[in-house]
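Descriptive structure summary
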Amino acid sequence: MSPRLHCFVAPTGLGGAAPGGAAAALPRIRGPQRPPAVARRARRPTTMAVPTLTSAAADYIATSIPDVGTVLPPKSGPSGSGWASTAVVDTSSGRSFFVKTAPRPAAAMFVAEAAGLRALAAAAAASGAEVVIPTAYAARDGDGGSFLVMDAVPMGGRVDMARLGDAVGAIHAAPPPPADVAGGTGYGFGVTAGTIGGSVQRNGWMDDWPAFWVERRLRPQLAATRDDALIREGAKLCDAVPAFFADVPAPAASCLHGDLWGGNYGATPEGVPVLFDPATYYGHAEAEFGMSWCASFNQRFYDAYHARMPRAAGADAREDLYTLYHILNHANLFGGGYRSQAAGLIKSLLRRA
């Protein structure tokens, strides 16, 4: 049995919020060894001044996006996460834009997010997925900080889990683009240093998937814990990782959202699924579900997903391996009980290696 995982309420969110909300927490029912999801992670509004949010970004919208007219004064102050503020910027044309800003040079974070949105949109278009991915226009440093401008997507509709599962499955089933478009081949991403929440996520290309998971995901997070016991046991697990891929030694590289939890998806008023706040890279599709303990997916989601992407042998153990990465990241960002959860997962995985 896998250790029980908890989605603790954190003092700050991971990544910026988007308008609207996600589905309420539901128990996960797919596998007997999977624990129920509990409370969603919370996002606490920041107190950044409105001019910081709108100055450089507003200038970009007014001068670089055609036919928007004038930028209107914001109707309310910004909200967001611990490292970024967010706001909807309206224009006289009727078009609205969702803007993220950070008070320090952070264009690299926003560039990775924008590239991820574009990659997801390309995969969705190639597969015919019924999903909305916000169009990203610009990510750069400006006066007063950094900004990311994308379309504001109307949100607030009820999330239909079957439609969401079908959309994610369709995106995963899409073949990766050519190397000159993706930025490389194999497993990885063209933005080699992305982010996962407030942590660096290394995406340098590799041809060996188990090695990618060890070198680009597990080892950096283990080292960041500075916990000798956790690092020692984690090193044993890293050595054993190839054993978990006997059934899928060279999985297809899918375009992954990368941080697919309940706060990073929603639905339009018409019920079309919406995906945002990605930590995208090309990798094994099963890795998408490393955050499922905090995603509120139900059986309807998994049935629709697996109709597109059949479940492979050994997936249960690999899912715990993929979950470990995110639990370690939470331990490094928030501490608390996540460290003991990581230790429990490592112990459980070593027994099955």
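Structural notes, computed from the coordinates. Everything numeric in this text was worked out from a predicted model, so none of it was measured. (Residues numbered from 1 in each chain as written. Predicted model: local features only at pLDDT ≥ 70, side-chain atom pairs only at ≥ 80, totals over all residues. Heavy atoms only, no water.)

**Here we look at the overall build of the protein**
- When its secondary structure is counted, the protein shows 9 helices and 11 strands.
- Looking at the protein residue by residue over its 353 residues, the buried ones come to 56%.
- Excluding contacts between residues fewer than 6 apart, the proportion of contacts in the protein whose partners are at least 24 apart in sequence is 72%.
- Accessible surface for the protein amounts to roughly 13,700 Å². Of this, 57% is attributable to carbon and sulfur atoms. (Helix = DSSP H or I, 4+ residues; strand = E, 2+ residues; numbered from the N terminus. Buried < 20%, exposed > 50% of the residue type's maximum accessible area, 1.4 Å probe, protein only. Contact = heavy atoms within 4.5 Å. Areas by Shrake-Rupley, 256 points an atom, 1.4 Å probe, with all protein chains shown as cover.)

**Here's the deal with the side chain of His284**
- One can find His284 in the loop between strand 11 (281-283) and helix 7 (299-308).
- His284 sits in the buried class, given a relative accessible area of 7%.
- Setting aside residues no more than four positions away along its own chain, His284 makes contact with Trp209, Phe245, Val248, Pro251, Ala252, Leu256, Arg318 and Tyr322.

**Concerning the environment of Ala58**
- The topology assignment puts Ala58 in helix 1 (residues 50-64).
- For Ala58 and Thr91, which are 33 residues apart along the polypeptide, the C-alpha to C-alpha distance reads 9.7 Å.

**Considerations on the pattern of salt bridges**
- Applying the stated criterion across every chain, the model contains 13 salt bridges.
- A salt bridge links Arg339 to Asp227, with the shortest nitrogen-to-oxygen separation between them at 3.6 Å. Of this pair, Arg339 sits in helix 9 (residues 338-352) while Asp227 sits in the loop between helix 5 (209-225) and helix 6 (228-240), and the two are 112 residues apart along the sequence.
- Overall, Arg339 belongs to the partly exposed group, its relative accessible area being 28%.
- Taking the shortest distance from any N to any O, the salt bridge between Arg311 and Asp316 comes out at 2.1 Å. (Salt bridge = Lys/Arg side-chain N within 4 Å of Asp/Glu carboxyl O.)

**Things to note about the packing of helix 8 (residues 315-334) against helix 9**
- Their axes nearest at 8 Å, the elements helix 8 and helix 9 cross at an angle of 155 degrees. On the basis of the axis angle, helix 8 is roughly antiparallel to helix 9. Between helix 8 and helix 9 the crossing geometry is left-handed. For the pair helix 8 and helix 9, contact is made by Asp316, Ala317, Asp320, Leu321, Thr323, Leu324, Ile327, Leu328, His330, Ala331 and Phe334 and by Tyr338, Arg339, Gln341, Ala342, Leu345, Ile346, Leu349 and Arg352, respectively.
- Of the residues belonging to the contact of helix 8 with helix 9, the class tally is 12 nonpolar, 3 polar and 4 charged. (Axes fitted to C-alpha atoms, helices over the stretch in contact; angles between N-to-C directions. Parallel < 35°, antiparallel > 145°, perpendicular 65-115°, else oblique. Left-handed = near helix turned anticlockwise from the far one by under 90°. Nonpolar A, V, L, I, M, F, W, Y, C, P; charged D, E, K, R; others polar.)

**Observations regarding helix 6**
- If you check helix 6, its first and last C-alpha atoms are 19 Å apart, about what 13 residues at 1.5 Å a residue would give, namely 18 Å.
- Looking only at helix 6, the buried set comprises Leu230, Gly234, Leu237, Cys238 and Ala240. Along the axis of helix 6, the buried positions cluster into a sector of 155 degrees, meaning they face one direction only. Facing away from the buried side of helix 6, by more than 90 degrees, are the exposed residues Asp228 and Asp239.
- Its side-chain oxygen placed 3.1 Å from the backbone nitrogen of Ala229, Asp227 serves as the N-cap of helix 6. (Expected span 1.5 Å × (residues − 1). Arc of directions from axis to C-beta. Polar contact = N/O pair within 3.5 Å; in protein donor to acceptor, adjacent residues only side chain to side chain.)

**Some thoughts on helix 8**
- For helix 8, spanning 20 residues, the distance from its first C-alpha to its last is 28 Å, which sits close to the expected 28 Å at 1.5 Å a residue.
- Summarising burial for helix 8: 16 of the 20 residues are buried, a large majority.
- Directly after helix 8, the chain includes Gly335, whose backbone phi takes a positive value near 70 degrees.

**As for unusual backbone geometry**
- Backbone geometry places Asp67, a non-glycine residue, at a positive phi of 60 degrees.
- Given the relative accessible area of 72%, Asp67 is considered exposed.
- Not every positive phi belongs to a glycine, and Ser296 is a case in point at roughly 65 degrees.

**Points about the packing of aromatic side chains**
- Scanning the model with the defined rule gives 23 aromatic pairs in all.
- Measuring from ring centre to ring centre gives 5.3 Å for Phe301 and Tyr302, while their planes differ by 85 degrees; the resulting arrangement is edge-to-face. Comparing Phe301 with Tyr302, the two get one shared label, buried.
- Site record: aromatic cluster; members linked through ring pairs are Tyr187, Trp209, Phe212, Trp213, Phe245, Tyr281, Tyr322 and Tyr325.
- Positioned over the ring face of Tyr281 is Arg217, at 4.2 Å from the centre of the ring. (Phe/Tyr/Trp six-rings, centres within 6.5 Å; stacked < 30°, edge-to-face > 60°. Lys NZ or Arg CZ within 6 Å of the ring centre and 35° of its normal.)

**Things to note about the pairing of strand 3 (residues 96-102)**
- The element strand 3 is extensively covered by neighbouring structure, given that 6 of its 7 residues are classed as buried.
- Pairing analysis gives 6 bridges linking strand 2 (residues 85-90) to strand 3, with the strands arranged antiparallel. Among the inter-strand pairings, Thr86 is bridged to a residue of strand 3, identified as Lys100.
- Relative to strand 5 (residues 145-151), strand 3 is paired through 6 bridges, and the arrangement is antiparallel. (Pairing = 2+ DSSP bridges.)

**Things to note about the packing of helix 3 (residues 161-173) against helix 7**
- Packing of helix 3 against helix 7 brings their axes to within 7 Å, and their N-to-C directions diverge by 30 degrees. Here helix 7 runs roughly parallel to helix 3, going by the angle between their axes. Read as a crossing pair, helix 3 and helix 7 show a hand that is right-handed. Facing helix 3, whose interface residues are Met161, Ala162, Leu164, Gly165, Asp166, Val168, Gly169, Ala170 and His172, helix 7 presents Arg300, Phe301, Ala304, Tyr305 and Arg308.
- Class assignment for the residues of the contact of helix 3 with helix 7 results in 8 nonpolar, 3 polar and 3 charged.

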